[in-house]
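Structure at a glance
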Amino acid sequence: MEKKEPNKKQLYAVLVAAFLGWMFDGMEMGIFPLIARPALLQMQQAQGMQLTDAFVGQWMAYATAAFLVGAALGGVIFGWLGDKVGRVRAMAVSILVYSLFTGLIYFASEPWHLCVCRFIAALGMGGEWSLGVALVMEVWPEKHRPLMAGIIGAAANVGFAGIAVLGMFFKVTVDSWRWVALVGAAPAALTFIMRLFVPESEKWQDSVKSAPVNSSPLREIFTPPLLKWTLIATALSSVALIGTWGSVQWLPLWADKMAPGDPMAKAYTQAASAFGAIVGCLAGAWVGGFFGRRLMYFMLCLGSLLTCAWLFRGIDSYGANFLALTFVVGGFTATFYGWLPLYLPELFPTRVRATGQGLAFNAGRILAAVGALQMGVLMQSFDGSYAKAGAIITLVYAIGLVIVWFAPETKGKPLPA
């Protein structure tokens, strides 16, 4: 019997669900850079300590590392779950987890509380990415893959920009940061909508029927011939994640320090980065569809390396020049997140796709966690200088210029069955 293609309503239901899931994921990620400094300063003050950015940098590094490790584990756990019980059910659970535990930050009274909440919320965030990407790429026709990758990549930055706009109208201070954290619980409502209206991937259903009884997605991606692609995908993801989480995510804190009398500085900085990222993700995936996957990645690494060097080595005050360059840096460094949803699904067959790309993308976050911790160490070594620490961390893009040529070119090829 001939298979029935998904109708337009089903296609758009899948796209909207994945977009909203990743958009709210971005919103959750954007909440923390806005509230981190006022929250940590309040907690430092409550302990009777002298207010310093070295303390903020240290705990920001711990919280960022906790997030990245949690996201890595979540990518593996929920990716495996998605390959076992279906993309839609696993994605609904992942969204519920990250929503509830971001909202629980409202009750934090110690720095380690922030780390614990960020870690558990990150389990859901790491899982949502791999599941949403797998679902969209399996349901939508092949010719739309570059566009779909750009849309999914941009989704997180739409959420990131949205929370930044909220920060423009709602001043995030030591007295108000808890209410911003509470906003993070809102996406939990999306899980009920998903279960009612979003269809499951037929490709996944077919792969389950034809898979061997003793098949194990996690074992298979660590066994040749897939082992090579797992390692390459992890390396490519790591470069992008270390650059973002080791330095670019710290830009709102840097702006807050450079403009202590302007509580809106961090919100404008986050908005500039996020809007640049939206443009970059949409354009990057589209351009990647023409030039090929490897050349596109090479150009992104080169652009990120040069613009980050300009920002961290050439700017020393908050203002229009800083915001304009932040927009450009956001565009280059976040375009990887439009490229990765396009490329990673092309490396793994359907039966292990969520596990493979989830592990590769999120294992990169383990290395990014090391980068974030090093950012904290470097800040202490440079007496709280975000610029000097960021200039060193972003040299990681030079590594990407080399390793991409060991990856396969997949442009024009169908998804592995």
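These figures come from a predicted structure and were not determined experimentally. (Residues numbered from 1 in each chain as written. Predicted model: local features only at pLDDT ≥ 70, side-chain atom pairs only at ≥ 80, totals over all residues. Heavy atoms only, no water.)

If you tally the helices and strands in the protein, you get 18 helices and zero strands. Over its C-alpha trace the protein gives a radius of gyration of 20 Å, about what one expects of a compact globule, namely 22 Å for 417 residues. With the C-alpha coordinates aligned to their principal axes, the bounding extent of the protein is approximately 70 × 40 × 35 Å. Within the protein, the fraction of its 417 residues that count as buried is 59%. Surface exposure of the protein reaches about 16200 Å², of which carbon and sulfur atoms provide 69%. (Helix = DSSP H or I, 4+ residues; strand = E, 2+ residues; numbered from the N terminus. Rg over C-alpha atoms; globule rule 2.2 N^0.38 Å. Buried < 20%, exposed > 50% of the residue type's maximum accessible area, 1.4 Å probe, protein only. Areas by Shrake-Rupley, 256 points an atom, 1.4 Å probe, with all protein chains shown as cover.)

Once that is clear, we can look at a nonpolar patch on the surface. On the surface, W286, F290, F291, L295, M299 and W405 cluster together to form a nonpolar patch covering roughly 670 Å² of accessible area. When residues in the nonpolar patch are grouped by element, the largest group, three residues, is from helix 12 (residues 265–291). Accessibility expressed as a relative area gives 41% for W405, which makes it partly exposed. (Patch = residues over 30% accessible without salt bridge, like charges linked within 9 Å, V, L, I, M, F, W, Y side chains within 5 Å. Salt bridge = Lys/Arg side-chain N within 4 Å of Asp/Glu carboxyl O.)

Our next topic: the pattern of salt bridges. The final tally for this structure, using the stated rule, is six salt bridges. In this structure, R87 and D83 form a salt bridge, with 2.5 Å as the shortest nitrogen-oxygen distance. On the basis of relative accessibility, which here comes to 0%, the residue R87 falls in the buried class. One salt bridge connects E220 with R351, and the closest N-O pair in it is separated by 2.6 Å. Taken as a pair, E220 in helix 9 (residues 217–221) and R351 in the loop between helix 15 (336–343) and helix 16 (353–381) lie far apart in primary sequence, 131 residues in all. On the basis of relative accessibility, which here comes to 22%, the residue E220 falls in the partly exposed class. In the salt-bridge network here, residues are joined through shared partners; they are D83, R87, E138 and R353.

Turning our eyes to something else, we now look at unusual backbone geometry. Residues P224 and P225 are joined by a peptide bond in cis, for which omega reads 10°. With respect to the element layout, P225 can be found in the loop between helix 9 and helix 10 (226–246).

For the rest of this paragraph, the subject is helix 13 (residues 293–314). Between its first and last C-alpha, helix 13 extends 31 Å over 22 residues, near the 32 Å set by a 1.5 Å rise per residue. Residues R293, M296, Y297, L300, C301, G303, S304, L305, T307, C308, L311 and F312 constitute the buried set of helix 13. (Expected span 1.5 Å × (residues − 1).)

Before going further, it helps to examine helix 14 (residues 320–334). In this model helix 14 runs 21 Å from its N-terminal to its C-terminal C-alpha over 15 residues, within 8% of the 21 Å that 1.5 Å per residue would give. When helix 14 is considered as a whole, its buried residues turn out to be F322, L325, T326, V329, G330, G331, T333 and A334.

With that settled, the discussion passes to the packing of aromatic side chains. What the rule picks out here adds up to 13 aromatic pairs. For the pair Y106 and F107, a centre-to-centre distance of 5.0 Å together with 80° between the ring planes defines the contact as edge-to-face. With a centroid separation of 5.9 Å and 10° between ring planes, the pair formed by F336 and Y397 is classed as stacked. Here F336, found in helix 15, pairs with Y397, found in helix 18 (residues 397–403); they are 61 residues apart in sequence, far enough to count as distant. In this pair, the class of F336 matches that of Y397, namely buried. Of the aromatic side chains, those joined through ring pairs into one cluster are Y297, F336, W339, Y343 and Y397. (Phe/Tyr/Trp six-rings, centres within 6.5 Å; stacked < 30°, edge-to-face > 60°.)

A word on the environment of K257. Looking at the element boundaries, K257 is found in helix 11 (residues 251–258). Residues K257 and S317 lie 60 residues apart in sequence; the distance between their C-alpha atoms is 9.7 Å. Residues contacting K257, with those up to four places away along its chain left out, are R37, D53, D383, G384, S385 and Y386. (Contact = heavy atoms within 4.5 Å.)

Our focus in this paragraph is the environment of G127. Among the secondary structure elements, G127 is positioned in helix 4 (residues 111–139). Taking relative accessible area as the criterion, G127 reaches 0% and is therefore assigned buried. Linking G127 and S94, residues 33 residues apart in sequence, is a C-alpha distance of 6.0 Å. Other than its neighbours up to four places away in sequence, G127 contacts G74, G75, F78 and S94.

Among the secondary structure elements, R37 is positioned in helix 1 (residues 8–46). A distance of 3.1 Å separates polar atoms of two side chains, one belonging to R37 and the other to D256. Beyond its immediate stretch of four places on either side in the chain, R37 contacts D53, V56, L253, D256 and K257. (Polar contact = N/O pair within 3.5 Å; in protein donor to acceptor, adjacent residues only side chain to side chain.)

Within the secondary structure, S304 is located in helix 13. Apart from the residues within four sequence positions on either side, S304 is in contact with F332, T333, F336 and Y397.

For the rest of this paragraph, the subject is the state of the cysteines. Under the defined criterion, the tally for this structure stands at zero disulfides. For the unlinked cysteine C115, the closest cysteine sulfur is that of C117, found at 9.6 Å. Unpaired in terms of disulfides, C308 finds its nearest cysteine sulfur in C301, a separation of 11 Å. The exposure class of C308 is buried, given its relative accessible area of 0%. (Disulfide = S-S within 2.5 Å.)

Averaged over all residues, the pLDDT of the protein equals 84, while 96% of them reach at least 70. When mean pLDDT is taken per element in the protein, helix 18 scores highest with 95 and helix 7 (residues 190–197) scores lowest with 76. (pLDDT = per-residue confidence, 0-100.)

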